[in-house]
Every structure is written in C-alpha cells, then in structure tokens.
Amino acid sequence: MEEAVTAGQLRERGNALFQAGDHAAALAAYTQALSLCDAEPERAVLHRNRAACYLKLEDYAKAEADASKAIEADGRDMKALFRRSQALQKLGRLDQAVSDLQRCVSLEPKNKAFQEALRALGSTMHEKMKTMSCTDSKVEQMFQILLDPEEKDADKKQKAAQNLIVLAREEAGAEKIFQSDGVRLLTQLLDTAKADLMLAALRTLVGLCSGHRSRTMAILAELGAPRLSAVLGVEHEQVSLAACNLLHVMFDSLKEGLQKDFRGKEDAVVLDSSKDLKLLIKHLLELLALEGASAHGRDNALNLLIKVVPRKSPKETNNSMSLWVIDQGLKKILEVGSTVCGAPGSLPVTENSRMSASVLLSKLYDDLKCDAERENFHHLCEDYVRSWFEGHELAGKLRAIQTVSCLLQGPSDAGNRVLELEGIMDSVLSLCASVCEAHQLVAVEALIHAADKAKRASFITANGVSLLKEIYKHSERDSIRIRALVGLCKLGSAGGTDFSMKQFAEGSTMKLAKQCRKWLCNETIDAGTRRWAVEGLAYLTFDADVKEEFVEDKAAMQAMFQLAKSEDRSVLYAVASTLVNCTNSYDHEEPDPQMLELAKYAKQHIPEQHPKDKPEFVKRRVRKLLTAGVVSALACMVKSENPALTNSCRELISRVFLALVEEAEDRGGVVAQGGGKALIPLSLEGTEVGQTKAAQALAKITITSNPEMAFPGERIYEVVRPLVSLLHLQRTGLENFEGLMALTNLAGISERLRQKILKEKAVPMIEGYMFEEHELIRLAATECMCNMAMSKEVQELFLAEGSDRLKLMVLYSGEEDEKLRRAASGTLAMLTALHPPICKRIPQVTVHWLEILQALLLSPSAELQHRGAVVVMNMMAAEREVAEQLIASEMLEILSVLAKEKDKPRVAQAATESLAQAVAYGLIKPNPGQE
C-alpha cells in the first residue's frame, strides 16, 4: 500500500501549483494540508499561503481572515502582515492597511517594496481626504445653485441636480449630504413646488434612505409624513411617481432594517420603526379619500399599500399590519372602489383605480388567518354598503352597487355576501333598465361581475338573461350594448370547454363572438369600452369554433395586442384568459376509462372535447398567434408594474408561454421577440403553478437553443434558480427531466455557471435522480453530473468518506443501457483525468471494476471504447499499484490489440499510452518492433 500523503507534501504541491498559476488548485492543496496538520507554526505558514491564493482569486475578505490567523501565531510574520495590508486596501479599510505596512517597515526598514507600498498607500489616503473635503464644498455648491432664485442657467441647474442624485447613490456621498444639513436643504427644494427641483430632491432622498433605517427615520421626522403624502398627491405625474418610489424605499428600509454594517452614530440609535410605518400608512389611507389628491397620486398610494401591507409569504406569522389597515382604512379603500365617474362630488380616479382597489381588498382578505378576522371584514363591507344604500336615494344606491362590483372583482366571498343584502339585487336589475347611461353602466357592470360567481349564476340566468338580451338588442349606446353582450358571454360559457353543454342556441355564441371582434377592431370606440369586448372573448373562446375564427381574424388579434400594451392595464387578465383558451394551456385531465363506463351506466353527464380542440388544431392556432406577434404583447404585459398584473394573471401568461415553446422550431422566434427575458421574472414571482410553468418554458428553450445566445450576459445566471426548482420532488417526471436536461447544457458552459448551480444546492437533487427508476430521468441526471464533475467541489464529493457516488458511476458504466453507460463512463473519464486520487479509489468501490472496464474496451461502440481507454490510461498514470492490478489481468492483452486499431485512432492512442506507462513502471518489457 502507498503511504498516505503528508501535509508537507501537499504544501509543496500547492507551492508548485501556485508558481504554475493554478491558484484555485493551490488553494485546495493548502486546505487539504491544513486538515492533516496540527503543528501551529506549520498551520500559520499554510494560512499565509492560502491568503496569497485568495488575493490572486480576488476574495479579499478570506485573504484578510487567513492572514490574520497567521499573524495570531506569529506577530512578526512580515509576509502575512503585507498580505493582510493588501487585502485591507481592497476592502477599503485604508487606516488598518497603513498600520500593517508600518509594522512591516519597522520589522525590515531597508525593504524597498514595503517602503514603496507605504508611500503609495499614504498618497491614496491623502487623495481620499482631499476628495472628501472637496465633496463637502461640492455639496454646498450644488445646493446653492439649485436654491438660488437668481440662477437662470437651466443647464447648470440640471447638472447640479444630476450630480446630487449620483452622489447620493454612494454610501459615503449619501452620508456626506446627510451630515451637511442636506435634509433641510432638500426640504426647501420640495417646497419650491417646481417640478424639476422636486424631482431632484425626491431622487436624492431615495439614495439617502436606501438600506439605511436610522437615516430614513431621521429624514421622515424632518420631512413629516403629511408633506410626503401631499407630494404623492400632486397633479404632476412624474413628481407623484418619484414620491411613490421614495416612499417604497422608505418602507423597505423601515421594515428590513440595516442591510450594511454602519459604524458610529448608527450604534447609538434605538431602531423602533413600527410607529413610523403606521404613520406613513395612515397618511396613505387618508390620501385615498382626499378630494384634492390627483387621480394618479391615488393610484400610486393604492400600489404602495398593495406592495407593503400584506405579508410576502404565508410563512410569516404576523398579519397585524393587514388587520390594522382593515380596521383603520377599509372604508377609505372602498371610497375609491365605490366611485361613480362623473357623479357630483366623486373622487378623481383613472381607468385603473377601481381595479387597484379590488386587488388591494383581495390581498388584505387573503392575508386573514381565521374566521373571526374574515367575519370582521364582511361586517365592515356590509356596513359600508348599507350606509350608502339606505337613506341616500339614487346616488347612494349607485355607490352601493359600485362597491358590490369592486368587491366581486376582488374578494368575491365578500362581494357575494353584500350582493345578498336585502334590495341590492333588485336595485341592480331595475337600474339595468334605466334611461340614464351612467346609471345603466353601473348596474350592467355589477350584473356582469355577479354572473360568473357560483352563488348568483343560476338566479341571474333565470332573471338576467332576458334583460341583458333586451338591452343588447334595443339599446342605442354601444357602451351599454357591449357590456350587456359580455354578460351574455359569461352566461353562455357556463359549460366551459365541455362541448356537450351549451347554454344558448346553435350559432348564438358565434354571433356574440363576431360582434365582440367587431367592437374590438372599432378604433372610434374608446379603449375602456373596447376592453369589454376582450372580456367577452375571454369567455366565448372556451368554444373551439370561436377560437378558430378569432385566430383567423388578424385585425382582431392585432387590436387585442395593442390594448394589452396600452395604459389601461385592467385588460391584462382578459387578454391572458383569451390566449390561454386559444392555446388550450388550461389544466385538463384525461378521464379514467373505468369512471367513464360507470358514468355512462349511471346516466351521468360526461364532458366531451370539441373536435377542433384536438392537438393538430391547437398547434395551428399557436402558429397563427406567433405570426401575429403574441410574444411581444406578452413581454409588454409582463413589464407592467400595475396591480392588475396579479399572481393569477402571471400564471395565465406563463401557461401561454409554455404552449408557445412546445414545438422546438418555434423557440428561437419566441426568444428573439423577448420571450426568454420575460419568462425569468414570471419564474421567480407569482403562484407556484405559474412559476413552474415559466420555469418549464425556460427549460425547453435552454435544451434546444444555445443558452448564451438565448440569455445573453448576466441573464444566463438568473435562469439557474428556476431550472433548479424543477428538480423538487413535487414536480412531475417531465418537469424533472427537462430541468435536468437544461442544467446539463448550462453546466457544460463555464465554471461560473457550475458554481451558481452548486450555490443553488442542486447537486444533491441531481444525485437523487441518478437512482430514479425512469430510465430517461436517470440518464439525464447522470449526464448532468458528468458536466458538473468539471468543478473541483464536485470532484471532492466523489472521494467523500461513506459516499457511494463513485461506486454508482462505475456500476452504471456496466449497465445494459448504452446511453447510460456512455454518460457514466464519460463522467469517470473526466473525473480520473481532473482528479487523480479518484483513480486509486475505483478498485476499492466494487469487485466488478475490472470486468466493467474490460467490457467498455471490448464494446462494439467506438465511443464507449474510447471512454474506457481514457479511464484505463488515467488509472495507469495515477499509481503503480493500480497499474499492476490492471496489467495482471486480461487488460494487457486487450490494450495490446486496441493499440493496433488503425480505424480507431483515439482508442489506439489511449491504449498505446497505457502500455507506455506500464513499460515506464517496469511492469512489461517494450516491444522491440515499436518505438
């Protein structure tokens, strides 16, 4: 047996590798030596050497840590002191770096390298001090330019504002502005009421507040929540948006606390920001019902509340903020939701305001944890509706009905409860026949929203269909007719995709769809009204005949895509629903044949698929949507920051994308139009189903496209996490398989990508699938591990004590499945070449190792022969004892034959090198007839 490698030998190996420029390998050698070494002086040297490696690898924090360990053992270790000073310089801790260099100079005064380094560092510190003092004067100068009423040079003012914003983005600059009475001066800029100066102040304040809780609290105390709320509510849209961004940053800083290690005054501050959070939210809620606030300011306040109030995850146990907002502000949110546009005294709102209110109400309701909390929510909603419905005559009834619509679009349980209050439904039906267009609009919309809620659908089918038909046929106003048509569409699609369940007479659905497409294409109608045409199609496209006609109508598709890109984001869900229906990307399970027979026997209803929903029709529809430009529309929808892009909407878009990339030949076009970029955020945020569908679409693209082209630059690293999520046990076998295939492609590209895969903890999951019964999944996992084995960390795993990883690879190299053998033997060839210690371990993992290697060399497959020959060649070169075992078997005869194979040059070359190594060891004599 060979003697174990000593720490001294490993240190020498590390030195040689360091001299050769292989700093990562040298680091590994020194680290292994440390694990074998107990003597303190030797450990100090190894830590010092590791510090040199880390400096070369630009990991300065670890370089400093290792150098410090060496200095602890020997305070006069000049090399360690010098290396620590280099690391400290890179970490920006110049004063500590100077201290170490001064120590080096005192220990060796004549060392010119130390003297030069100290001079250079002194010069750097001087420049920094000069810059800081210069920054002080620049900050003062910038504020003077901005606040000087006599300064007329607009370019000069713009440049000063931009410099201030850029300075605030750096921590040192932000602190300098803060310490230089900057908050008071920024407040003066805000109070000028000049849009350009207000924008400069708000954007600078964003830099001051980002990631710094104590500074945020001080700024909030100086500015005051009322002032910030007032700026949010101004008419100037950009100023309002900038104020919204500042408040969002403030919320994040107050909620998450310090993200960095700040020293000095920071430590002395007791950071209790809960009061500040509630104060800001209180003013946002008051802004909602404030008549003087602008419409977009109200929208921005709603958007902020949606982002900051509900819990991010059900795993968080504390929902007290949502409960507080419901108690303090639910009625204020309902004030926005109940607004009747054009009515006397109504709040200014945009086309998105009521939808945003619905989304906020839905998120608050979903954040409740028990029946008592939900009951309180219901009571507050019912009290609000009654307060308008009773004693306010017609105007009050309209507000009450509008509130019902808002709730039905958000927390529908609450909507159903208020819909059942005495007199509400009767008022809705009677107002549908009103001669006043505004009143009729409110009532018809409420009827439509109630139509697809299970509790009311049968009642409305019985009482509302005839009324809606009358309105559709006889109303002179398109705005009313189109809404009545949508109500009929909802009721007509009650059977979903079940071909056998039709609510209306043959041909009626097609007529409704034709009218929807006609209105959709009519650009003389306002976008808000045309949106309802898409709502109608979202229901009618359950019918395959309607789908087929829609994809044939290029003008209708283009009109819908243009609406999806417009500012009215409330259309997003309807567009996504229509596309899900056209691509058949909704969930549909194949019924169990036995259950079908039982249903027939019991004379139960059996769902039937429409003939035009068969795969060949779906494939043709997908192609037509792609040609019409569906990808760019979807990409634009994903970019939306609007609350209308709910998690449910994201899921629908993910489903469509997955259908679009089903065929390999379509994937390049999807990527070229921005589909790859759009899928990344969809795979990281939303419902679990939506994230999985988006991740699977990314996997399909990664499998058949060049990942570096499909996801250029840093984007390729963002793809790793979604792909790893497909390996989780709750995913389907197909998702597991595609995730593994995609990761195999990424792992073969670069070490940085392999490190990212390792960081996402994918390796244990990949290993788990190597034991999978399904042969394709097992093969994909083995191929993925083959590429991952190029990383040193993975190579080390194969040598871990008690691990069967190497044994599994050897045994798989002897399996009957040729593809599996190819993947496993390829992994062995790579491992034995990159990590020689593995060569010595192979004979120990299984008694069958020799016959498996011999079977590879005798395989009819040239690829398997080559892999086997490379493994044998690497094992021969690794150690004489292993070579003896190989040569003592039939391997010598096999290698001798293979060395003469002229039609397989790579195999012959590897066999020849193995024989040459045996000669070098003196195990066999050279053939006199060969060189």
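Residues numbered from 1 in each chain as written. Predicted model: local features only at pLDDT ≥ 70, side-chain atom pairs only at ≥ 80, totals over all residues. Heavy atoms only, no water.

S.K.: Could you give an account of the packing of aromatic side chains, naming the residues involved and the relevant values?
M.R.: Applying the stated criterion to the full structure yields three aromatic pairs. The interplanar angle of 75 degrees and the centroid separation of 6.4 Å between the aromatic rings of Tyr472 and Trp519 together place this pair among those described as edge-to-face. Residue Tyr472 is located in helix α26 (residues 465–474), and its partner Trp519 is located in helix α28 (residues 508–521); the two are separated by 47 residues in the primary sequence. Neither Tyr472 nor Trp519 differs from the other in exposure class; each is buried. (Phe/Tyr/Trp six-rings, centres within 6.5 Å; stacked < 30°, edge-to-face > 60°. Helix = DSSP H or I, 4+ residues; strand = E, 2+ residues; numbered from the N terminus. Buried < 20%, exposed > 50% of the residue type's maximum accessible area, 1.4 Å probe, protein only.)

S.K.: Would you mind going over the packing of helix α16 (residues 274–288) against helix α17 (residues 295–308) in detail, with residue names and values included?
M.R.: Here α16 crosses α17 at 140 degrees, and the two axes come no closer than 9 Å. One finds that α16 runs oblique with respect to α17. The handedness of the crossing between α16 and α17 is left-handed. Contacts from Ile281, Leu284, Leu285, Leu287 and Leu288 in α16 reach Gly297, Arg298, Ala301, Leu302, Leu304 and Leu305 in α17. (Axes fitted to C-alpha atoms, helices over the stretch in contact; angles between N-to-C directions. Parallel < 35°, antiparallel > 145°, perpendicular 65-115°, else oblique. Left-handed = near helix turned anticlockwise from the far one by under 90°. Contact = heavy atoms within 4.5 Å.)

S.K.: How would you explain the confidence of the model for the protein chain if you had to name every residue and give the values?
M.R.: The predicted model of the protein chain has a mean per-residue pLDDT of 84, with 90% of residues at 70 or higher. In this model, residues 257–271 is a region of pLDDT below 50 whose contacts with residues beyond four sequence positions or in other chains number 24 contacts. Note on residues 495–503: pLDDT under 50 across the span, and 22 contacts to partners over four residues away in sequence or across chains. (pLDDT = per-residue confidence, 0-100.)

S.K.: Give me the environment of Val847: which residues, what numbers.
M.R.: Position of Val847 among the secondary structure elements: in the loop between α50 (837–845) and α51 (849–857). Judged by its relative accessible area of 73%, Val847 falls in the exposed class. Taking the C-alpha atoms as reference, Val847 lies 35 Å from Glu738; in sequence the two are 109 residues apart.

S.K.: Give me the packing of helix α4 (residues 60–73) against helix α5 (residues 78–90): which residues, what numbers.
M.R.: Running from amino to carboxyl end, α4 crosses α5 at an angle of 150 degrees, the nearest separation of the two axes being 8 Å. One element, α4, and the other, α5, form an angle in the roughly antiparallel class. Crossing hand, α4 versus α5: left-handed. Only Ala80, Leu81, Arg84, Ala87, Leu88 and Lys90 of α5 make contact with α4, whose side of the interface consists of Tyr60, Ala63, Glu64, Ala67, Ser68, Ala70 and Ile71. Among the residues making up the contact of α4 with α5, the classes are represented as nine nonpolar, one polar and three charged. (Nonpolar A, V, L, I, M, F, W, Y, C, P; charged D, E, K, R; others polar.)

S.K.: Explain helix α13 (residues 225–232) to me, using residue names and the numbers behind them.
M.R.: Among the residues of α13, Ala225, Leu228, Ser229, Val231 and Leu232 are the ones counted as buried. The buried residues of α13 occupy an angular sector of 160 degrees when the element is viewed end-on, so they sit on one face. In α13, the exposed positions angled more than 90 degrees off the buried face are occupied by Pro226 and Ala230. (Arc of directions from axis to C-beta.)

S.K.: Describe unusual backbone geometry, and please don't skip the residues or the numbers.
M.R.: The backbone of Glu58 shows a phi angle near 65 degrees, a positive value even though the residue is not glycine. Within the element layout of this structure, Glu58 appears in the loop between α3 (40–56) and α4. Notably, Asn584 is not glycine yet its phi reads approximately 55 degrees, a positive angle. Along the chain, Asn584 falls in the loop between α32 (572–583) and α33 (593–601).

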